Every structure is written in structure tokens, then in C-alpha cells.
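In case you want the letters, here they are:
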Amino acid sequence: MTTSTLLPNHLGGQWVTGSGAGTPLFDPVLGTELARVSSAGLDLTAGFAFAREQGGAALRALSYGERAALLGAIVKVLQANRDAYYEIATANCGTTTKDSAVDIDGGIFTLGYYARQGEALGSAHALLDGERIRMGKDPVFQTQHILSPTRGVALFINAFNFPSWGLWEKAAPALLSGVPVIVKPATATAWLTQRMVKDVIDAGILPPGALSVVCGSSAGLMDQLQPFDVVSFTGSAETARIIRSHPAVAERSVRCNIEADSLNSALLDPAATPESEAFGLLVSEVVREMTVKSGQKCTAIRRVFVPRALFDAAAQAIGAKLAKTSVGNPRNEAVRMGALVSQEQKASVIEGIARLRLEAEVLFDGGGAALVDADASSACVAPVLLGSREPAKAKLLHAVEVFGPVATLMAYDSIEEAYELIRRGEGSLVCSVYSADPAFIATASLELGSAHGRVHAISPDVAASHSGHGNVMPMSLHGGPGRAGGGEELGGLRALGFYHRRSAVQASSAALDVLAASAVALKL
Ligand code: NAP
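Peer 1: How do you make sense of the overall build of the chain when you look at a structure like this?
Peer 2: What the chain contains, in helices and strands, is 14 helices and 23 strands. Taken over the C-alpha trace, the chain has a radius of gyration of 24 Å; the compact-globule value for 524 residues is 24 Å, and the two agree within 12%. In terms of overall dimensions, the chain has C-alpha extents of about 70 × 65 × 40 Å along its principal axes. In the chain, buried positions account for 56% of the 524 residues. If you take every contact in the chain between residues at least 6 apart in sequence, the share linking residues at least 24 apart comes to 77%. When the accessible surface of the chain is totalled, it reaches about 20300 Å², and 54% of it is carbon and sulfur.

Peer 1: Teacher, can you tell me more about helix α4 (residues 97–119) here?
Peer 2: Helical periodicity: at 3.6 residues per turn, an α-helix aligns residues three or four positions apart in one direction. In this model α4 runs 32 Å from its N-terminal to its C-terminal C-alpha over 23 residues, within 8% of the 33 Å that 1.5 Å per residue would give. The axis of α4 is deflected most strongly, by about 25°, at Asp105.

Peer 1: Explanation requested: the nonpolar core in the structure shown.
Peer 2: One recurring pattern in soluble globular proteins is that nonpolar side chains are buried together. Core analysis: the biggest nonpolar cluster contains 65 residues, and Leu71, Ile74, Leu78, Tyr114, Trp168 and Leu206 have the highest contact counts within it. Residue contacts for Leu206: discarding those within four places in its chain leaves Leu70, Ile74, Leu175, Val200 and Leu211.

Peer 1: For this particular structure, what's the right way to read the pattern of salt bridges?
Peer 2: It is possible for side chains of opposite charge to pair when their charged atoms get near one another. Per the stated rule, a full pass over the model turns up 17 salt bridges. Of the charged contacts, one joins Arg36 and Glu33 as a salt bridge, the two residues approaching to 2.6 Å between their closest N and O atoms. Across the salt bridge formed by Arg132 and Asp513, the nearest N and O atoms sit 2.8 Å from each other. Separated by 381 residues along the polypeptide, Arg132 in strand β6 (residues 126–134) and Asp513 in helix α14 (residues 509–517) bring together distant segments of the chain. By relative accessible area, which is 28% here, Arg132 ends up partly exposed. Owing to a relative accessible area of 45%, Asp513 belongs among the partly exposed residues under this scheme.

Peer 1: Looking at this model, I keep getting lost on the packing of helix α2 (residues 64–80) against helix α6 (residues 190–202). Mind explaining?
Peer 2: A pair of packed helices can be characterised by two numbers: the angle between their axes and the separation between those axes. At a minimum axis distance of 10 Å, the contact between α2 and α6 shows a crossing angle of 120°. Put simply, α2 runs oblique to α6. For the pair α2 and α6, the sense of crossing is right-handed. Residues Ile74, Val77 and Leu78 of α2 pack against Met196, Asp199 and Val200 of α6.

Peer 1: What should I look at first to understand the environment of Met135 in this one?
Peer 2: Examined against the element boundaries, Met135 turns out to sit in the loop between β6 and β7 (141–149). The sequence separation of Met135 and Tyr64 amounts to 71 residues, and the corresponding C-alpha distance is 30 Å. Those residues in contact with Met135, other than ones at most four positions away along the chain, are Phe141, Gln142, Thr143 and Gln506.

Peer 1: Would you take a moment to explain the site of the ligand for this structure?
Peer 2: The local shell around the ligand holds 26 residues, among which Asn158, Thr187, Ser236, Thr239 and Glu401 are the closest. Taking Glu401, its side chain carries an N or O atom lying 2.7 Å from an oxygen atom of the ligand. Protein contacts shield 81% of the accessible area of the ligand, which totals 910 Å² for the unbound molecule. Those elements that place two or more of their residues in the shell around the ligand are β11 (230–234) and α7 (237–245). A per-element tally of the shell around the ligand places α7 first, with three residues. Among the residues forming the shell around the ligand, the class breakdown is twelve nonpolar, ten polar and four charged. Structurally, the shell around the ligand is a two-domain feature, drawing no fewer than three residues from each of domain 1 (44–260 + 488–521) and domain 2 (264–474).

Peer 1: Hey, could you run me through the packing of aromatic side chains in this one?
Peer 2: What characterises a pair of aromatic rings is the spacing of the ring centres plus the angle enclosed by the ring planes. In the structure shown here, the tally under the stated rule is four aromatic pairs. Here the aromatic rings of Tyr113 and Tyr114 are separated by 5.2 Å at their centres, their planes lie at 90°, and the arrangement is edge-to-face. Residue Tyr114 is classed as buried on the basis of its relative accessible area of 0%. Judged by centre distance (5.0 Å) and plane angle (85°), the rings of Phe498 and Tyr499 are edge-to-face. The same class applies to Phe498 as to Tyr499, namely buried. Stacked on the ring of Tyr64, the Lys or Arg Arg67 has its end atom at 4.7 Å from the ring centre. The ring of Phe162 carries Lys293 above its face, with NZ or CZ at 4.8 Å from the centroid.

Peer 1: Just checking my understanding: could you explain the environment of Arg36 for this structure?
Peer 2: Secondary-structure assignment places Arg36 in strand β5 (residues 33–37). Remark: the alpha-carbon pair of Arg36 and Gly22, spanning 14 residues in sequence, is separated by 5.4 Å. At a separation of 3.2 Å, a polar atom in the side chain of Arg36 contacts the main-chain carbonyl oxygen of Gly22.

Peer 1: I tried to follow the sheet that holds β5 on my own but got confused; where do I start?
Peer 2: Pairing between sheet strands relies on hydrogen bonds along the backbone, with the strands arranged either parallel or antiparallel. The strand order across the open sheet built from three strands is β1-β5-β4, with neighbouring strands paired in mixed fashion. The open sheet terminates on both sides in strands that have one partner only, identified here as β1 (5–7) and β4 (23–26). Direction aside, neighbouring strands of the sheet carry axes that sit 40° apart on average. Pairing of β4 with β5 involves four bridges; the strand directions are antiparallel. Bridge pairing in β5 places Phe26 opposite Glu33.

Peer 1: Looking at this model, I keep getting lost on the domain arrangement of the chain. Mind explaining?
Peer 2: Interface extent is often summarised as the accessible area lost during association of the parts. Along its sequence, the chain is carved into domain 1 (44–260 + 488–521) and domain 2 (264–474). Centre-to-centre separation of domain 1 and domain 2, based on C-alpha positions: 32 Å. With 23 residues of domain 1 in contact, the opposing surface of domain 2 contributes 22 residues. Between domain 1 and domain 2, the buried area comes to about 1800 Å², and carbon and sulfur atoms account for 65% of it. By the criterion of area lost to domain 2, the three top residues of domain 1 are Asp99, Phe160 and Asn161, representing 28% of everything that side buries. On the surface where domain 1 and domain 2 come into contact, there are six residue pairs in polar contact (both at pLDDT 80 or more). For the side of domain 1 that touches domain 2, the elements supplying multiple residues, two or more each, are α3 (82–93) and α4. Looking at which element gives the most residues to the side of domain 1 that touches domain 2, the answer is α4, with seven residues. Classifying every residue of the side of domain 1 that touches domain 2 gives ten nonpolar, ten polar and three charged.

Conventions we followed
Residues numbered from 1 in each chain as written. Predicted model: local features only at pLDDT ≥ 70, side-chain atom pairs only at ≥ 80, totals over all residues. Heavy atoms only, no water. Helix = DSSP H or I, 4+ residues; strand = E, 2+ residues; numbered from the N terminus. Rg over C-alpha atoms; globule rule 2.2 N^0.38 Å. Buried < 20%, exposed > 50% of the residue type's maximum accessible area, 1.4 Å probe, protein only. Contact = heavy atoms within 4.5 Å. Areas by Shrake-Rupley, 256 points an atom, 1.4 Å probe, with all protein chains shown as cover. Expected span 1.5 Å × (residues − 1). Bend = angle between axes of the 7 residues up to and from the residue. Core = buried A, V, L, I, M, F, W, Y, C linked by side-chain atoms within 4.5 Å. Salt bridge = Lys/Arg side-chain N within 4 Å of Asp/Glu carboxyl O. Axes fitted to C-alpha atoms, helices over the stretch in contact; angles between N-to-C directions. Parallel < 35°, antiparallel > 145°, perpendicular 65-115°, else oblique. Left-handed = near helix turned anticlockwise from the far one by under 90°. Near = heavy atom within 4 Å. Polar contact = N/O pair within 3.5 Å; in protein donor to acceptor, adjacent residues only side chain to side chain. Nonpolar A, V, L, I, M, F, W, Y, C, P; charged D, E, K, R; others polar. Domains from an automatic or database assignment. Phe/Tyr/Trp six-rings, centres within 6.5 Å; stacked < 30°, edge-to-face > 60°. Lys NZ or Arg CZ within 6 Å of the ring centre and 35° of its normal. Pairing = 2+ DSSP bridges. Buried area = accessible area lost by both parts, 1.4 Å probe.

Right, here's the structure in full:
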């Protein structure tokens, strides 16, 4: 890639370069400019209409099984180009190979999962929701709930931290449902999304209009949305507010899914001791969550709750492991943690740490160690563990999400207090629980479930096989109530619900028999 190439957008079934000089994308470690993006001058109205009419009709003409085969073909194309994606991620996201894999291979894995799930839906064109229900004395007249693909486009407005996974975890269920996709990646890391879409388009797998990408400003995108379209947003609570109050959502009832900030927690069983396996498992997971992708994961652990008697031991054990995390240029193999994605994010994380320090002490600061192959002008930030022995008195610690390698250790006196403090996050994506006691895990899951999209329990018997606190697996629900946005994604075939409309068909048994022949019962 030559410096400052303007990345073309794909809209209206063609590649179109935006006008003007565009916005530059940078290497967050070296500071070099990599490419530019611009959505200025695009004919959004024509592009959305093309996707809605051409792309939508072509996708809906296929069965679930045929669309699942398209997902399988996309997987093959992406796998064939993996090396290029890793290069782009290193340059534009500042991630180590291991961290790039979370995004790139995580996205491909999710697509593959939906390809397999979709295959099982076979030749159907709609989904049957539940059984027929009699509507009167005479059983001949009944109601059957059905789910049919919405006749609109799915607009994805994505966050900077997952340019690959963020696209495919949404596109897989949308395309499988028969709904065309228009993705607007976050500007800072748009290159990887754009390149993946380019490879899929160039391979000629999808019908024209089924997949579009608009890089650069979001201006005008929401204005295009019509009643049968859907919008799925991932990003900050601030932008989420703008999306929710846009007339498309507020007046035209465009269906809207929001994935926003989250103050995820880790909870150690009150019966744990510093020698217990549960304690060791919590320490390892907290360190992993703080450092994977430099803590730029919406699911990363931000608050760590331990019994008061274990506060010092936990601080010491987490700090000792964090001290082994080498930070710097991801091209150097000795580096375990790369950079944040941009100078803006670095400034935001440094400011966020300063805010949390108003209520917390510093238990560990990796900032004293030299960066590897990178200097202070890079977007690298070392891990910081903060601590609070009086978290009940804190406000910011339960409200401010610092999107970097930062977590706060908190002491609790009773398990009821711990549950109450965790719920002060006002709704999070995930809480992990560390215990060897199945009964404690079951009780904690019931206590915490309603405030979280996912409860991840780590006990010694699953130590080697659990999927990780922060890993979003396609078969499990992703999303969370309240502050986390109130959205729901993934969860296996449940994800198809967002892209379908439910209706009740009230008809004779004979008519419902014919309808059932072109539909499949959705077993959730
Ligand atoms: P952001 O600033 O809100 O940006 C998110 C997306 O919205 C970007 O594509 C951005 O485009 C676009 N955008 C900005 N202003 C807009 C507007 N007025 N109308 C429409 N779109 C607009 O968030 P971010 O900084 O990229 O992401 C970090 C946040 O995302 C964190 O808070 C994190 O917790 C959250 N997150 C949540 C999840 C989840 O699944 N729950 C996953 C990842 C991240 P530009 O880039 O061009 O400004």
C-alpha cells in the first residue's frame, strides 16, 4: 500500500472513492500514515436503495441452506488472505500476532459457526416460532407465529477495537437471514474491514448489493434508514445516545441494537484462600483480560472483587504477573502487549486513569519499564492496577470505563455487598465468578444474571477448557442490559431474530400446512 491511498468504498454494487483529501489512518506505534478514507460525495440514497432492492431480493430468493453455503465460501476467501489481514492489523491496530488473532480468527470462526448452523435450516425460507395454537372451539382455525426476513438493509456502525470480528459477528446472522449488510467501520482502524470486504466482493461470492462498506464519516447514514431497515451499533454510550434519538429510530421505528460501555467484573468466592486454585485462576484471568488487545475489549475485566482478607495477596499476585508483560512494538517477538489503536485513545486512557485515581490507589504501574522497540511518542500504554479498599464509597470506579490495560481491585466484606457493588455497574456484558463450589456458582449466577448478558464461571474442573472471561463465543449471548446498551447479539440462532419480523398467521389448518412446507421450526 502506498502512503495515503484513498481506500475505495463499495456501495451501489460498485467501488467508489470518496471526494476530498480524506481522513488519515496511522500506525499507532511508528506514527506513519497508512491510508486515507472518505465517504464524502457518495450517493447514499441510491446505494441504500440498491442494497435494499437488489441485494435483499437476491438473498431472499435463496434458502437458509444456500445462504449458509455463501458464508462457508466467505470463510475460505478470508482464510486464503489471512496473512494480509495480520499485516494490516499489526500496522493499523498495533496488535501482536496473538491479539490480532482474537479479531481476525475470531471473526472467521464466528462465520464458520453460522455456516454450519445455517446448513441445518436447509431449504426453508422462513422460520416457524412455536406450535400452532387453537383460536376457538373449532380446531380448524389456528394461529401460527412465523419469522420472516425483514425487507430492508442492516446498517452496522462499528467500534475501532474489532475491525474484523465486529463485522463478521453481525454480518453472519444478517446474511444467513437474507438481509443485505452495509458496514461503516470506525475510522481509526477501517482498513482491515475494508480489505476483508474487498476480498469477498472480488471473489464474486455474494449477489450484488448484499455487502457494502462505507469508510470515513458517518454523516447521512442514519438518515437513509427506512422502517424495515435495522441498525446495529457498537461503540461509546455517547454515540449510542445520538443513534437512539435519531428520527430513524425515534420516529420511523427502525429496529436498533446497541452494544456500548461496560464495567465488567470478576468475583472471587468468599471461601477462597491465597493457596486455593480459585484464587490462582482469578489472578491469571485478570492479567489476561487487562493485557489482551491492550485491554481494548468491551468484555475486559474492569472491576475485580475479592474478600477483604485477600486484597493484599491479590494485589501482589496480579502485580507480579503484570510486571512480566513486555510492552512495545508488536513486530518484536519479545513484546507481549502492543499499542492502543491511536493517540486519541492513549490520551483518553491516560485521562481515564487520572479520573479513577481520584477514588483509587495505584497498586501496580508498569509505566516504569522501558518500551520495547517503541518510544514515548507511540500509542503504547503499560498496564495499571488500581485498588480500592472502600469501593462502596466510590462513584467513578463503578461508572467510568477506561478502555485500556487498566483494572481496579476492590475489597468486599460480605457476598451480599459484593453482589450489590457489581450491580452498581448498572448493567454489564459479563461477570466472571471464581470458585470450586458448584453451589456458590449457581447462587452467584442467579444473583448476577439479570445484570449481565453472560456469567462466566471458572472452577478448577474447567480450568483447562473454559473459553475465557472476555472471549465472545458465537453460541453464547453477547450484550448486556443498562449501561452495556441493552442489546443482544449472537447466542447461536437466536441472533437471527433481530433480522426477522415475527407475525401471527391466523388461518385454516390447510393453509398453515402449506405455509409450514416452506418453513423450518426454529429450535432454540
Ligand atoms: P465511538 O466513538 O462511539 O464510535 C463508534 C462508531 O460510531 C464509529 O464507527 C464512529 O465513526 C461512529 N460514529 C461516531 N459519531 C457518530 C454519529 N454521530 N453518528 C453515527 N455514527 C457515529 O466508539 P469507539 O470509541 O469506536 O468504541 C469504543 C467504545 O465501544 C467503548 O466504550 C467500548 O466499550 C465499546 N464497545 C462495545 C462493544 C460491545 O460489544 N458491547 C464492543 C466493542 C466496543 P468514526 O470512527 O468515524 O468516528
